[in-house]
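# Observations on the three-dimensional arrangement
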Amino acid sequence: MTPPNWQKIQTLPVADIQVEERLRTASPTAVASIVSSIHEVGSILQPLLVRRVKDGYRLMDGLHRLTAAKEAGLEEVPVKVSDCTNDQAIRIEVDANVAGAPLTPLDMAVFLAAHKELYERENPEATKAYKAANARNADQTDIMSVRSFAANAAETFGKGDRHIRRLISVGEKLSKEEIAQLRDAPNKVQFKDLEHIAKCGAQADRSAICAALGSGEAKSAKEVLARKKAPGAAVQSTTDQQAAKITDAWLRGSKAARTQFAEKFRDELLELLQDAEDSDTPASEVVMFQAHNREAG
């Protein structure tokens, strides 16, 4: 990848800096600390990193500083501007966050998964060869694709490669909605919770864990799974289990893979939907495929 071209430090109006969906949200505690610093020194000292886009400037690194600037009433902030690509922007955000402020286990899972995705896009042949060589071990994750973060993660959390691989697995499996639910959880999501999610074979179980933790109905992933297995709990039928597996595969597939699947089974899907309408089949019994956009930003 060609390194991004950086311009000299300048200032931009706070209102001119666009903020797309981020891999990490701003911490109120960190923002409050920066606001206090701004009141003391009168400005932000470290420039934000932004990229030039068609309709203005978009933030790459500095969400906490930008949020604090808005709260402190600053009209302008110092920035470094680049004409980089979207992949380079994601790389900058990932690297800056991993090397900077402490990350929660969920943050690390999201960033590691994003880094692995970038690595695979940049090294398609190496990735293809690696997967072919490890085809017999379906649970193995390409730890080499996150080698720049493995040592940092192990030192920060006191975990080994196996735990890092599970983090990557979680980051790849969770949808944006599920990540948002876990971020909103009243009880901080722990490593053990993410490990339980990583081991879940069904999308329904992962969704149940994320919903329960996010709403505060459960304090741990283990508690959610225990409830599902408790005596008297509803037992999934064979059809339900098969539907869950199909749904899980659909949600984890890329847009291109889903499109290929839909084109291949178009006639059968239309026929099934028509049969369901004709027989007034409850919507809960029809497998609905919902495309989840996984683009990092």
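This section reports on the structure supplied with the text.

Calculation criteria
Residues numbered from 1 in each chain as written. Predicted model: local features only at pLDDT ≥ 70, side-chain atom pairs only at ≥ 80, totals over all residues. Heavy atoms only, no water. Helix = DSSP H or I, 4+ residues; strand = E, 2+ residues; numbered from the N terminus. Polar contact = N/O pair within 3.5 Å; in protein donor to acceptor, adjacent residues only side chain to side chain. Core = buried A, V, L, I, M, F, W, Y, C linked by side-chain atoms within 4.5 Å. Buried < 20%, exposed > 50% of the residue type's maximum accessible area, 1.4 Å probe, protein only. Contact = heavy atoms within 4.5 Å. Axes fitted to C-alpha atoms, helices over the stretch in contact; angles between N-to-C directions. Parallel < 35°, antiparallel > 145°, perpendicular 65-115°, else oblique. Left-handed = near helix turned anticlockwise from the far one by under 90°. Pairing = 2+ DSSP bridges. Salt bridge = Lys/Arg side-chain N within 4 Å of Asp/Glu carboxyl O. Phe/Tyr/Trp six-rings, centres within 6.5 Å; stacked < 30°, edge-to-face > 60°.

Below, the discussion takes up the side chain of Asp61. Residue position: Asp61 is located in strand S4 (residues 56–61). Of note is the side chain of Asp61, whose polar atom sits 3.1 Å from the side chain of Arg65.

Turning our eyes to something else, we now look at the nonpolar core. Counting 34 residues, the largest nonpolar core has Leu167, Leu174, Leu182, Leu194 and Ile209 as the members making the most contacts within it. Counting residues per element, the ones that place at least two in this core are helix H3 (86–99), helix H4 (105–122), helix H7 (161–173), helix H8 (176–183), helix H9 (191–199), helix H10 (203–215) and helix H11 (221–229). For this core, the element with the highest residue contribution is H4, accounting for eight residues. Among all residues touching Leu182, those that are not within four sequence positions of it are Leu106, Leu174, Val189, Leu194, Ile197, Cys210 and Leu213. If you look at the next biggest cluster of nonpolar residues, it comprises 18 residues, including Val35, Ile38, Ile44 and Tyr57.

It is the contact of H10 with H11, at a shortest axis distance of 9 Å, that shows an interaxial angle of 120 degrees. By the angle class used here, H10 and H11 are oblique. Between H10 and H11 the crossing geometry is right-handed. Between H10, through Asp205, Ala208, Ile209, Ala212 and Leu213, and H11, the contact on the second element is made entirely by Ala221, Val224, Leu225 and Lys228.

Our next topic: the sheet that holds strand S5 (residues 76–82). One open sheet accounts for five strands, arranged S1-S5-S3-S4-S2; its pairing is mixed. Each edge of the open sheet carries a strand with a single partner, namely strand S1 (10–13) and strand S2 (17–18). In this structure, strand S3 (residues 48–53) lies alongside S4, joined through five bridges in antiparallel fashion. Paired with Val50 across the strands is Leu59, a residue of S4. On top of the sheet, helix H2 (residues 63–72) reaches S2, S3, S4 and S5; it is set at about 120 degrees to S4, its chief contact.

Glancing now at the pattern of salt bridges. Applying the stated criterion to the full structure yields six salt bridges. As a salt-bridge pair, Asp267 and Arg266 come within 3.6 Å of each other at their nearest N and O atoms.

Considering all chains together, one arrives at one aromatic pair under this definition. Note on Phe261 and Phe265: the rings are 4.8 Å apart at their centroids and 45 degrees apart in plane angle, and the pair reads as tilted. What makes Phe261 partly exposed here is its relative accessible area of 31%. Here Phe265 falls in the partly exposed class, since its relative accessible area comes to 26%.

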